[in-house]
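The primary structure of each chain is shown beneath.
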Amino acid sequence: MQDLTQPFVKLSTANAELITRFAQSQEMVDLVNTSAQKYLELAQKTFGGTPASEAQADLIRSLTDNYSTFAREHAESLMGMAAEAQTQITQQVAQASKMMKPEGSS
């Protein structure tokens, strides 16, 4: 008898890989970089009247670090959700498979 869970495990694994690839895609990296750049431009306009200083440079570096951290954590979050979904689907399919299996068969 074929393993009824295998197609579902393959599907959830493939979907987890797709979500991971999406989160790490060049388009997502570009989107985060563009958003960070626009945020920095806004910050520079806001502080445009202040003289260039080490404090301003530190602020911009810190804002950039914050955006980098956000992008990394967001990607990790998406990958974690995909892995969790894969685990849940696998468990549910295994339970359903056990329920469908006749009691006397091996």
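Residues numbered from 1 in each chain as written. Predicted model: local features only at pLDDT ≥ 70, side-chain atom pairs only at ≥ 80, totals over all residues. Heavy atoms only, no water.

Draft legend 1. How the structure looks around helix α1 (residues 6–23). Taking 1.5 Å per residue, 18 residues should reach 26 Å; α1 reaches 26 Å between its end C-alpha atoms and fits that length. Of all the residues in α1, the buried ones are Ser12, Ala16 and Ala23. Seen from one end, α1 has its buried residues packed into an arc of 40 degrees, which puts them on one side. Among the exposed residues of α1, those pointing more than 90 degrees away from its buried face are Pro7, Lys10, Glu17 and Arg21. (Helix = DSSP H or I, 4+ residues; strand = E, 2+ residues; numbered from the N terminus. Expected span 1.5 Å × (residues − 1). Buried < 20%, exposed > 50% of the residue type's maximum accessible area, 1.4 Å probe, protein only. Arc of directions from axis to C-beta.)

Draft legend 2. Summary view of helix α3 (residues 54–100). Counted at 1.5 Å a residue, the expected span for α3 with its 47 residues is 69 Å, and the 68 Å between its end C-alpha atoms agrees. All of the buried residues in α3 are Gln56, Leu63, Ala75, Leu78, Ala82, Val93 and Ser97.

Draft legend 3. Structural view of the environment of Thr64. Relative to the assigned elements, Thr64 resides in helix α3. When its relative accessible area of 32% is taken as the criterion, Thr64 is described as partly exposed. Taking the C-alpha atoms as reference, Thr64 lies 6.8 Å from Ala36; in sequence the two are 28 residues apart.

Draft legend 4. Representation of the packing of α1 against α3. For the pair α1 and α3, the least separation of the axes is 9 Å and the interaxial angle reads 175 degrees. One way to sum up the angle between α1 and α3 is to call them roughly antiparallel. Of α3, the residues touching α1 (which contributes Phe8, Val9, Ser12, Thr13, Ala16, Ile19, Thr20 and Ala23) are Ala75, Leu78, Met79, Ala82, Gln86, Ile89, Thr90 and Val93. (Axes fitted to C-alpha atoms, helices over the stretch in contact; angles between N-to-C directions. Parallel < 35°, antiparallel > 145°, perpendicular 65-115°, else oblique. Contact = heavy atoms within 4.5 Å.)

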